[in-house]
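As a plain string of letters, each chain reads:
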Amino acid sequence: MDEKRVVIIGLGVIAKHHIEAIQRTKMFRIVAVCDIEESMARNPLYAHLPFYTDYKTMLHEQCPEISIICTPPNTHRSIAQYFIEHGVHVLVEKPLSDKQADADYFFRQEILEHYTPLFHSICAAEVIWAKQNLLLSNIRKLEQSFSDPYFTHNVIAGNRISLGGCWLDSGVNALAILSLWLNLDELLICNLRHRIDPQSALPIASTLDAQAEDIKVNLEIHWDKGINHKQTVIEDELHRYRIDHSDQSVWCDGQCLFHDDSEERLTRHYIEFYSHFPRMTLPANEVRKLYDIVFE
């Protein structure tokens, strides 16, 4: 099978994991990279590749089959549209956009087959194991706690402002995992509240309380606790399961059922995604509902 020609637009923190994962798979070959900051060209990870500051020039000179968009969310729609209009399949990092109207572009019937939304959280080793191995009986409660240390000393870190706040950035990942165990169309939101940073006007803490038939749902998303830790707790009529996303482990009533630290956590997510491309994503209707909730 011929390798797909791939280009990457946006060389921030997450691009590193894409590059390292793709280099370990056989389906893709990175032919060029792009970033508006020329200084990024010196990174040894991709210094051997053609570097562009203009993605339009890169497209016409490199003729890629797939473009990976890792730029800030507010740029996703315009970049994706350009590549799609030129016949290139687009892979879009979460979130699709920071605006409902731009996100809606991706749900047009004529666009759906031309892009793949990426939710790296559902590609985690512990999530895959839990989905394949936990025999759940009548789920009663789903609780999630996702924390990143991006708000310290009463300010959001400068390189995190473009993420759009905790709800847009981490809420998307939490909801993607949630959708593996319940139908988001059945989720009735009881309360959604945000703590807003007055300087940036972005959420730094978000809480969602909801109900899905007999399942009680709670999401706690924080940038303001000074920790990096993420977990999903599932309670059924028999057991309490804890999926520790930071430790890549699964627990049942305090007993460890699964643990895998053989790879750096985020790189492992992308290895799974690219090794099983395009299967490791969500159905279009779930993606649409997920973003309806995000923009609630």
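Refer to the structure above for everything that follows.
Residues numbered from 1 in each chain as written. Predicted model: local features only at pLDDT ≥ 70, side-chain atom pairs only at ≥ 80, totals over all residues. Heavy atoms only, no water.

This paragraph deals with the overall build of the protein chain. Scanning the protein chain from N- to C-terminus turns up eight helices and 16 strands. Whereas a compact globule of 296 residues would reach a radius of gyration of roughly 19 Å, the protein chain reaches 19 Å, a difference of no more than 12%. For the protein chain, the spread of C-alpha atoms along the principal axes amounts to about 60 × 45 × 40 Å. Across the 296 residues in the protein chain, those meeting the buried criterion constitute 52%. Residue pairs in contact within the protein chain that sit at least 24 positions apart in sequence constitute 66% of those at least 6 positions apart. The positive charge centre, built from 28 side chains, and the negative charge centre, built from 42, are 2 Å apart in the protein chain. (Helix = DSSP H or I, 4+ residues; strand = E, 2+ residues; numbered from the N terminus. Rg over C-alpha atoms; globule rule 2.2 N^0.38 Å. Buried < 20%, exposed > 50% of the residue type's maximum accessible area, 1.4 Å probe, protein only. Contact = heavy atoms within 4.5 Å. Lys, Arg positive; Asp, Glu negative; His and termini not counted. Charge placed at Lys NZ, Arg CZ, Asp CG, Glu CD.)

Glancing now at the sheet that holds strand S3 (residues 51-52). Spatially, six strands are ordered S3-S2-S1-S4-S5-S6 in an open sheet, and the strand pairing comes out parallel. If you trace the sheet from one side to the other, it starts and ends with S3 and strand S6 (115-118), each paired once. (Pairing = 2+ DSSP bridges.)

All right, on to the pattern of salt bridges then. The final tally for this structure, using the stated rule, is 18 salt bridges. Taking the shortest distance from any N to any O, the salt bridge between Asp 148 and Lys 230 comes out at 2.8 Å. One end of the pair, Asp 148, is in the loop between strand S7 (141-147) and strand S8 (151-152); the other, Lys 230, is in strand S13 (residues 229-235), and 82 residues separate them in sequence. Here the two residues Asp 148 and Lys 230 agree in accessibility, since each one is buried. In this structure, Arg 268 and Asp 260 form a salt bridge, with 2.7 Å as the shortest nitrogen-oxygen distance. According to the relative accessible area criterion, Asp 260 is buried, its value standing at 14%. (Salt bridge = Lys/Arg side-chain N within 4 Å of Asp/Glu carboxyl O.)

Right, let's talk about the side chain of Ser 67 for a bit. In this structure, Ser 67 sits in strand S4 (residues 66-69). Residue classification places Ser 67 among the buried positions, given a relative accessible area of 0%. Apart from residues no more than four positions distant in its own chain, Ser 67 is found in contact with Val 7, Ile 9, Phe 83, Val 88, His 89, Val 90 and Leu 91.

Along S6, one buried face is formed by Tyr 115 and Pro 117 and the opposite face, lined by Thr 116 and Leu 118, is buried too. Taken together, strand S5 (residues 89-93), helix H4 (residues 100-105) and S6 constitute a β-α-β crossover, and its handedness is right-handed. (Right-handed = clockwise from strand over helix to strand, strands pointing away.)

Core analysis: the biggest nonpolar cluster contains 99 residues, and Phe 83 and Leu 290 have the highest contact counts within it. Of all the elements, helix H6 (residues 166-178) adds the most residues to this core, at nine residues. Setting aside anything within four residues of it in sequence, one finds Phe 83 in contact with Val 7, Ile 9, Tyr 55, Met 58, Leu 59, Pro 64, Ser 67, Val 88 and Val 90. (Core = buried A, V, L, I, M, F, W, Y, C linked by side-chain atoms within 4.5 Å.)

Before going further, it helps to spend a moment on the environment of Phe 106. With respect to the secondary-structure elements, Phe 106 resides in the loop between H4 and S6. For Phe 106, a relative accessible area of 0% translates into the label buried. Each C-alpha atom of the pair Phe 106 and Ile 204 lies 27 Å from the other, and the pair is 98 residues apart in sequence. Once residues within four sequence positions are removed from consideration, Phe 106 is found in contact with His 76, Arg 77, Ala 80, Val 92, Leu 96, Ile 111, Leu 112 and Tyr 115.

Axis separation between helix H2 (residues 55-62) and helix H3 (residues 76-85) bottoms out at 11 Å; the angle between their running directions is 25°. By the angle class used here, H2 and H3 are roughly parallel. In the crossing of H2 with H3, the sense of the turn from one axis to the other is right-handed. Across the interface between the two elements, Tyr 55, Lys 56, Met 58, Leu 59 and His 60 of H2 pack against Ser 78, Ile 79, Tyr 82 and Phe 83 of H3. (Axes fitted to C-alpha atoms, helices over the stretch in contact; angles between N-to-C directions. Parallel < 35°, antiparallel > 145°, perpendicular 65-115°, else oblique. Left-handed = near helix turned anticlockwise from the far one by under 90°.)

With that out of the way, let us pick up H6. When the terminal C-alpha atoms of H6 are compared, their 17 Å separation across 13 residues agrees well with the 18 Å that a helix rising 1.5 Å per residue should span. Roughly 30° is the biggest bend found in H6, and it falls at Val 172. Within H6, 13 of the 13 residues are buried, leaving the element largely enclosed by the surrounding structure. (Expected span 1.5 Å × (residues − 1). Bend = angle between axes of the 7 residues up to and from the residue.)

Right, let's talk about the side chain of Asp 236 for a bit. Tracing the backbone shows Asp 236 in the loop between S13 and strand S14 (240-244). An unpaired buried charge is present at Asp 236: no salt bridge exists, and Arg 140, the closest side chain of opposite charge, is 7.7 Å distant. At 3.0 Å, the side chain of Asp 236 forms a polar contact with the backbone nitrogen of Ser 137. In this structure the side chain of Asp 236 is engaged in a polar contact, spanning 2.8 Å, whose partner is the backbone nitrogen of Leu 238. Apart from residues no more than four positions distant in its own chain, Asp 236 is found in contact with Leu 135, Leu 136, Ser 137, Asn 138, Ile 139, Arg 140 and Tyr 241. (Polar contact = N/O pair within 3.5 Å; in protein donor to acceptor, adjacent residues only side chain to side chain.)

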